[in-house]
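Structure at a glance
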Amino acid sequence: MGVNQRAQVAMTPGEVTRFIEEQRTACLATLGPSGRPHLVAMWYAIVEGQLWFETKAKAQKAVNLRRDPRATVLIEDGRTYDALRGVSLDGDAVVVDDRDALWAVGVSMWQRYQGPYTEEMRPRVEAMIRNRVAVRFDVGRVRSWDHRKLGPPPATT
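Summarised in this report is the structure supplied together with it.

Cut-offs and rules
Residues numbered from 1 in each chain as written. Predicted model: local features only at pLDDT ≥ 70, side-chain atom pairs only at ≥ 80, totals over all residues. Heavy atoms only, no water. Salt bridge = Lys/Arg side-chain N within 4 Å of Asp/Glu carboxyl O. Helix = DSSP H or I, 4+ residues; strand = E, 2+ residues; numbered from the N terminus. Buried < 20%, exposed > 50% of the residue type's maximum accessible area, 1.4 Å probe, protein only.

**Points about the pattern of salt bridges**
In total, this model carries 10 salt bridges according to the counting rule given. E54 is paired through a salt bridge with R132; the nearest N and O atoms lie 3.1 Å apart. With E54 in strand β4 (residues 50–56) and R132 in strand β7 (residues 132–146), this pair connects stretches of sequence that are 78 residues apart. A relative accessible area of 11% places E54 in the buried class. A residue is classified by how much of its surface remains accessible, and R132, at 23% relative accessible area, is partly exposed. Close ionic contact of D97 with R66 constitutes a salt bridge, the shortest N to O distance being 3.5 Å. Here R66 lies in helix α3 (residues 60–67) and D97 lies in the loop between β6 (85–96) and α4 (99–113), a separation of 31 residues in the sequence. By relative accessible area, D97 is classed as exposed at 57%. Relative accessible area serves as the criterion here: at 43%, R66 is assigned to the partly exposed category. The network of salt bridges with shared partners includes E119, R122 and E126.

In structure tokens form, the structure reads like this:
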């Protein structure tokens, strides 16, 4: 019986959480009006342990999600096969038109990508989220891989 490499490379829940927290860019796939995937690179927020995005209210991804909330998020890292790591999340992405939620997402994104938030930053965060909506990603399925767990490649002789 062969070795199940899928099980060998899967991340633990804690490793998945840390990986998502450490990375900076996600690929968000939504379904366009024809059913064809619409894929975009996104920066993201983590609010109370949950993945969020912000986007223009009239952006194609927001339009797609209002029509059909099914989405997939991919976050990956690694320049060579033996260092490849990633997390693929399937779920529903819900457009949230709540200003408090959008503010929390804006502050989280500021902290992730710009540095510590202080009240002096308020005008910048307000400008960043103007005419935007928050998108909450409700995860249904998680797949992960960390090829570093396979160890070094076999020696060649």
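After that view of the structure, there is still more to cover.
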